[in-house]
Amino acid sequence: ALEKVANEIRVRFADASAKVAKVEYEKILESNRRVPGSIPNTEVERVKLNYEKAVLATEQAEHQKAIHELELRRRAAERGVSFLKAQQQENGTWQGQPVDGVTALCAAALLQAGVKADDAVVQKAMAHLRKVEPTLSYTVALQTMVFCWASPKEDAELIKRNVAWLEKAQVADG
């Protein structure tokens, strides 16, 4: 939390510095327009470079802030992946109701977090999901997503079966 605040302050400070440098540069240009040569070219160039430097400092601060936020998300995702992996049951499922829907949701979350389809936990979930017959829209939709992400060629027939089931289960008005 402290780092987030510090990053926000760095961005605001750099932005304010860029605004001050811009105003200074614009005033020097205006002075030279009113009285040509009143400010030496070297001074104009120095102020211009300070302005450009301040703009770059703002971009750098924003970039550092973005990197920090991505790092926080990456760590959170790693904790989530570790938690889900630790909670998987021996038969490849996760606890919750409906168990097959929860299992598909957990497998989908792992895949979206970057866990590879050949990971042992994903493979255990896939083995279970391949045995699940379509009965609940939620479960079938998640199961289909997992098949599409993890093994679209291998599970092409199950994907087709599930899509047909979902189309048939869809209510007439939407």
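Read on for a plain summary of the structure. (Residues numbered from 1 in each chain as written. Predicted model: local features only at pLDDT ≥ 70, side-chain atom pairs only at ≥ 80, totals over all residues. Heavy atoms only, no water.)

The number of helices and strands found in the chain is six helices and zero strands. Secondary structure elements of the chain occur, N-terminal to C-terminal, as α-α-α-α-α-α. Its C-alpha atoms give the chain a radius of gyration of 28 Å, more than 25% over the compact-globule value 16 Å for 174 residues. Seen along its three principal axes, the alpha-carbon backbone of the chain occupies a region of about 85 × 40 × 30 Å. Out of the 174 residues belonging to the chain, those deemed buried represent 30%. For the chain, long-range pairs separated by at least 24 residues make up 58% of all intrachain contacts whose partners lie at least 6 apart in sequence. Carbon together with sulfur atoms contributes 58% to the accessible area of the chain, which is approximately 11500 Å² in total. The average position of the 25 basic charges and that of the 24 acidic charges among the side chains of the chain differ by 3 Å. (Helix = DSSP H or I, 4+ residues; strand = E, 2+ residues; numbered from the N terminus. Rg over C-alpha atoms; globule rule 2.2 N^0.38 Å. Buried < 20%, exposed > 50% of the residue type's maximum accessible area, 1.4 Å probe, protein only. Contact = heavy atoms within 4.5 Å. Areas by Shrake-Rupley, 256 points an atom, 1.4 Å probe, with all protein chains shown as cover. Lys, Arg positive; Asp, Glu negative; His and termini not counted. Charge placed at Lys NZ, Arg CZ, Asp CG, Glu CD.)

Relative to the elements of secondary structure, Ala120 occurs in helix H4 (residues 120-129). Among the residues examined, Ala120 registers a relative accessible area of 54% and is labelled exposed.

Core analysis: the biggest nonpolar cluster contains 22 residues, and Trp94, Leu110, Val122, Met126, Leu129, Val146 and Phe147 have the highest contact counts within it. Of all elements in the fold, only helix H2 (41-87), helix H3 (99-112), H4, helix H5 (137-150) and helix H6 (156-169) reach the threshold of two or more residues within this core. Looking at this core element by element, the count peaks at seven residues for H3. Among all residues touching Val122, those that are not within four sequence positions of it are Leu110, Leu111, Val115, Lys116 and Ala117. (Core = buried A, V, L, I, M, F, W, Y, C linked by side-chain atoms within 4.5 Å.)

Glancing now at H3. With 14 residues, H3 extends 20 Å between its outermost C-alpha atoms, agreeing within 8% with the 20 Å of an ideal straight helix rising 1.5 Å per residue. Regarding H3, the residues found buried are Gly101, Val102, Thr103, Ala104, Cys106, Ala107, Ala108, Leu110 and Leu111. On its buried face, H3 is in contact with H2, H4 and H5. Backbone geometry just downstream of H3 places Gly114 in the positive-phi region, at approximately 100 degrees. (Expected span 1.5 Å × (residues − 1).)

Purely geometric numbers; function is a separate question.
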